[in-house]
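Here is what each chain is made of, one letter per residue.
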Amino acid sequence: MATQHVPTANGTAMNGATSLVKSLEAANVDVMFGLPGGAILPAYDPIFDSTIRHILVRHEQGAGHAATGYAQVTGRAGVCIATSGPGATNLVTPLMDAGMDSVPLVAITGQVPSAAIGTDAFQEADIRGITMPFTKHNFLVTKAEDIPRAVAEAFHIATSGRPGPVLVDIAKDALQAQTTFNWPSKIELAGYNPKIVPDNQAIADAATLIAQSKKPVFYVGGGVIKANASKELAQLVEILGAPVVTTLMARGAFPDSHPLHLGMPGMHGSVAAVTALQKADLLITLGARFDDRVTGKLSTFAVNAKVIHADIDPAEINKNKFADVPVIGDLRETITALIPALKAALSKSQPDLTPWNNSMLKLKTSYPVGYTLPDDGSLSPQAVIERIGQISGTDTIFTSGVGQHQMWASQFISYEHPRTWLNSGGAGTMGYGLPAAMGAKVGSPDSTVWAIDGDGCFQMTNQELVTCALNNIPIKVAIINNESLGMVRQWQTLFYEGRYSNTSLESKRVPNFPMLAEAMGCVGLSCERPEDLDATIEKAMSINDQPVVVDFRVHRDAMVWPMVAAGTSNDEIMIARATAPDWDSQEL
Amino acid sequence: MSIHTLEVLVENEPGVLARVSGLFARRAYNIDTLVVGPTSNPEVSKMVIQVNLEGHSLEQVIAQLDKLISVISIEELVDGAKKPVKDTQPDYQN
């Protein structure tokens, strides 16, 4: 049960639409992203007078990803609002995306009047049914008096336990009807009571197992960031002194500069991070979920490792990988409890981790993530991303689209702080980066926000640059323009004999990205030569009163390495085409 | 045995059958039979579901069911008697 602050408007007569806005205010919403239409129109009248900042987007998908970006940066629920039918279905991708990455999101949609539901009315879509599979929960509200409770429950469900998206669909007649505002003083959901504090026995078992292990590795997932547990994690790592890997969703949860940080595991992970998981005798899994992109072929993943699996979601335990010690609870609570328990266990027995650490650190030194510059002297996409990271600094917030540029942004930018790396990990949503950057900048206006985007991704959601230009949201967008759907092209190179079916976008010819940016009220820049790279980035950094778009025209054939091909074992990691690490020179 | 019978108490609200049956469909769990009926509490309905596991773990089926906000409690029926679900999955309810 959660208790709620009761607003002064309680007991006041108003219509359902006003009660919706009062409810959002009572839920401490300060900004929402949306676009009006017929069914939600009653709500937009009281929005006009509300203290809540409403940012009018150009496409509802942009509203959804912006709300996600806002949520990822602030840790608070992001809010988006749309009308019925196509307005609502345009939110489907962001809701699915937020579900896959456990983002607290509340989506409000208008629905046709309750009497018209089920008649194939104009702009009618069963958005509750459509979003059932990937929302954490959803509501269809047909009575004005039910609006405050549904909104209160939506925010509670979205932000507690394992965070997730919640949709509140409200029939137009419920928005128009007269009601008395009644914000609930407490929320009780018989079927929902997330376990926050872990069991003492589980903590003790985990500590004992860690203290017996000779080859432990911290397998850190995005849950550490959701739980704001980075500081506690750093303490835990110091106590044990074992290597750390951070997944794509956890970049920034633990500083890249830390000597024990081996980098990112998975399909495009570092040799050291992938190998550490494969050869470990214990995975200390913290808020990670054994995704197929991390495990590779599951039957060959970490076969000699025992598993401690700490997660707030019981359904993640034993889903993909058996957990010897499951620990259910909030990760900050879990790690905080584990620190003294581990100290006590280590005071009784402390195996020497030196040989294990040394072999992993040797791998890290032997096989750093790197790249070769193009032979023809053209611009290297990895160099562009690396220099943006270096020039912009570690307080910058980075978002990305999905594909090669996303992997390079995770590999070649150094992340030191949580909530500075936002991407679409589980869903792999092309077009996520730009609207997410918009939401991130709104959530953290004093931070520099760079969207590292691809030329393909950019062309999916760039309409939100207009929103950014008109609403003083000066984001910076780096288009890593290799005139291709680069990751798909890479797979065609590797697995389809270089038959480049429908992956050439010709985006060095059309569109003219700088002119497109200028047309949308942004500054458009272009860079084609390595010698102009730093000056172009610095020029972009110097513009803070307008969004900036830089067309980095890069070499087309660069590939993402290392790579574990889909469906193969992590043991078959390649550091370049047909090139495995020299395992004989390593002591594992 | 791969067929198990679950007695599931759910919120009596529109769409709850779709939530449960949709979960089984999207996670490829096989329902042999499903019966829904009232309880003495008008706000709560009871579902009796026979699930044919066919390679899925009962623990995982129960954990995923438990994630549905509308699901209040889950018990396994063995020879007509209720058997509390194994506590290897510390659940949301207790």
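These figures come from a predicted structure and were not determined experimentally.

### Considerations on the sheet that holds strand E3 (residues 31-34) of chain A
Sheets are built from strands that pair by backbone hydrogen bonding, the pairs being arranged parallel or antiparallel.
Residues and elements named next belong to chain A.
Here's step 1: If you trace the six strands from one edge of the open sheet to the other, you get E4-E3-E5-E6-E8-E7, paired in parallel fashion. Two strands lie at the open edges of the sheet, namely strand E4 (53-56) and strand E7 (137-141), each paired on one side alone. Averaged over all pairs of adjacent strands, the angle between strand axes in this sheet comes to 20°, irrespective of strand direction.
Here's step 2: Packed on one face of the sheet, helix H3 (residues 60-74) meets E3, strand E5 (78-82) and strand E6 (105-111) and runs near 170° to E5.

### Some remarks on the pairing of E5(A)
Two faces belong to every sheet, and in a regular strand the side chains alternate between them.
Residues and elements named next belong to chain A.
Here's step 1: With five of five residues buried, E5 is to be regarded as a mostly interior element.
Here's step 2: Note that E3 and E5 share two bridges and pair parallel. Opposite Gly34, over in E5, you have Ile81 as the bridge partner.
Here's step 3: Examined bridge by bridge, E5 and E6 share five bridges and lie parallel to one another.

### As for the state of the cysteines
All names here are of chain A.
Here's step 1: All chains considered together, the criterion is met by zero disulfides over all chains.
Here's step 2: Between Cys80, a cysteine without a disulfide, and Cys468, which holds the nearest cysteine sulfur, the sulfur-to-sulfur distance is 16 Å.
Here's step 3: In this model Cys468 remains outside any disulfide bridge; the closest cysteine sulfur is found in Cys522, 6.9 Å from its own.
Here's step 4: Classification of Cys468 as buried rests on a relative accessible area of 0%.

### Here we look at empty space enclosed by the protein
Residues and elements named next belong to chain A.
Here's step 1: Under the defined criterion, the tally for this structure stands at one cavity of 30 Å³ or more.
Here's step 2: Quantified by volume, the largest cavity comes out at close to 80 Å³.
Here's step 3: Every residue along the wall of the largest cavity is listed here: Gln72, Gly222, Ile225, Lys226, Met249, Arg419, Trp421, Leu422 and Asn423.
Here's step 4: Elements supplying a minimum of two residues to the lining of the largest cavity: helix H10 (223-226) and strand E18 (421-422).
Here's step 5: When the residues that make up the lining of the largest cavity are grouped by side-chain class, the tally is four nonpolar, three polar and two charged.

### Regarding the interface of chain A and chain B
Here's step 1: Taken together, the contact between chain A and chain B spans 23 residues of the former and 23 residues of the latter.
Here's step 2: In total, about 1,900 Å² of surface goes out of reach between chain A and chain B, with carbon and sulfur atoms giving 52% of it.
Here's step 3: It is A:Met132, A:Gly191 and A:Pro314 that lose the most area in chain A upon contact with chain B, and together they represent 26% of the buried surface on that side.
Here's step 4: On the surface where chain A and chain B come into contact, there are one salt bridge.
Here's step 5: Linking B:Lys67 and A:Asp313 is a salt bridge whose minimum nitrogen-to-oxygen distance equals 2.6 Å.
Here's step 6: Where chain A touches chain B, the interface holds six residue pairs in polar contact (both at pLDDT 80 or more).
Here's step 7: The class makeup of the residues in the side of chain A that touches chain B is twelve nonpolar, five polar and six charged.

### Quick look at the packing of helix H1 (residues 16-26) of chain B against helix H2 (residues 58-67) of chain B
Residue and element names in this part refer to chain B.
Here's step 1: One way to put it is that H1 packs onto H2 with a least axis distance of 10 Å and a crossing angle of 140°. Relative to H2, H1 is oriented oblique. Our pair here, H1 against H2, has a crossing hand that is right-handed. Where H1 approaches H2, its residues Val20, Leu23 and Phe24 are matched on the opposing element by Val61, Gln64 and Leu65.
Here's step 2: For the contact of H1 with H2, the residue count by class is five nonpolar, one polar and no charged.

### Some points on the side chain of A:Thr467
Here's step 1: Structurally, A:Thr467 is set in helix H20 (residues 464-470).
Here's step 2: With relative accessibility at 0%, the residue A:Thr467 sits in the buried group.

### Remarks on the packing of helix H1 (residues 16-26) of chain A against helix H7 (residues 147-159) of chain A
All names here are of chain A.
Here's step 1: Direction vectors running N to C along H1 and H7 enclose 30°, while the axes themselves pass 9 Å from each other. With respect to H7, the axis of H1 lies roughly parallel. Our pair here, H1 against H7, has a crossing hand that is right-handed. Facing Gly16, Ser19, Leu20, Ser23 and Leu24 of H1, the residues of H7 in contact are Ile147, Pro148, Val151 and Phe155.

### Overview of the pattern of salt bridges
Here's step 1: Summed over the entire model, instances satisfying the criterion amount to 23 salt bridges over all chains.
Here's step 2: Across the salt bridge formed by A:Arg149 and A:Glu153, the nearest N and O atoms sit 3.5 Å from each other. Of the two residues, A:Arg149 and A:Glu153 are both situated in helix H7; the distance of four residues between them amounts to about one turn of the helix.
Here's step 3: Residue classification places A:Glu153 among the buried residues on the basis of a relative accessible area of 10%.
Here's step 4: A salt bridge links A:Arg489 to A:Asp557; the shortest N-O distance between them is 2.7 Å. Here A:Arg489 is found in helix H21 (residues 486-495), whereas its partner A:Asp557 is found in the segment after strand E22 (548-553), with 68 residues between them in sequence.
Here's step 5: The structure contains a network of salt bridges with shared partners spanning A:Arg162, A:Asp313, A:Glu316, A:Lys319 and B:Lys67.

What counts as what
Within each chain, residues carry numbers counting from 1 in the order of the written sequence. A letter from A marks each chain and a number from 1 marks each ligand, given out in the order of writing. Under the rules for a predicted model, residues below a pLDDT of 70 receive no local features and side-chain atom pairs below 80 are neither given nor counted, while totals for whole chains, interfaces and linings still include all residues. Heavy atoms throughout the structure, all of them, feed into the side-chain values; hydrogens and water do not. The rule for pairing is simple: two strands pair if DSSP sees at least two bridges between them. The helix count covers DSSP runs of H or I at least four residues long, the strand count covers runs of E at least two residues long, and both are numbered beginning at the N terminus. To obtain an axis, a line is fitted to C-alpha atoms, over the contacting stretch when the element is a helix, and the angle between two such axes runs from 0 to 180 degrees between their N-to-C directions. Residue contacts follow a heavy-atom distance rule, with two residues in contact if any of their heavy atoms lie within 4.5 Å. Burial status follows relative accessibility: with a 1.4 Å probe on protein chains alone, a residue under 20% of its type maximum counts as buried, one over 50% as exposed, and anything between as partly exposed. Criterion for a disulfide: a pair of cysteine sulfur atoms within 2.5 Å. The way it works is a 1 Å grid over only the protein atoms, where trapped points that fit a 1.4 Å probe form a cavity and open points with protein on both sides within 12 Å along at least five of seven lines form a pocket, and then any residue with an atom within 4 Å of a point lines it. Grid points are joined across faces, edges and corners, and a volume is the space filled by probe spheres set on the points. Nonpolar residues are Ala, Val, Leu, Ile, Met, Phe, Trp, Tyr, Cys and Pro. Charged residues are Asp, Glu, Lys and Arg, and all others, Gly as well, are polar. Here the quantity called buried area is the accessible surface, traced with a 1.4 Å probe, that two parts lose on coming together, added over both. Take a side-chain nitrogen of Lys or Arg and a carboxyl oxygen of Asp or Glu: if they are within 4 Å of each other, that pair is a salt bridge. As used in this structure description, the phrase polar contact means that two N or O atoms lie within 3.5 Å; if the pair is within protein, one of them must be able to donate a hydrogen and the other to accept it, and residues adjacent in sequence are counted only when both atoms belong to side chains. We call two directions roughly parallel when the angle between them is under 35 degrees, roughly antiparallel when it is over 145, roughly perpendicular when it lies between 65 and 115, and oblique otherwise. Two helices cross in a left-handed way if the nearer one is turned anticlockwise from the farther one by less than a right angle. They cross in a right-handed way if the turn is clockwise.

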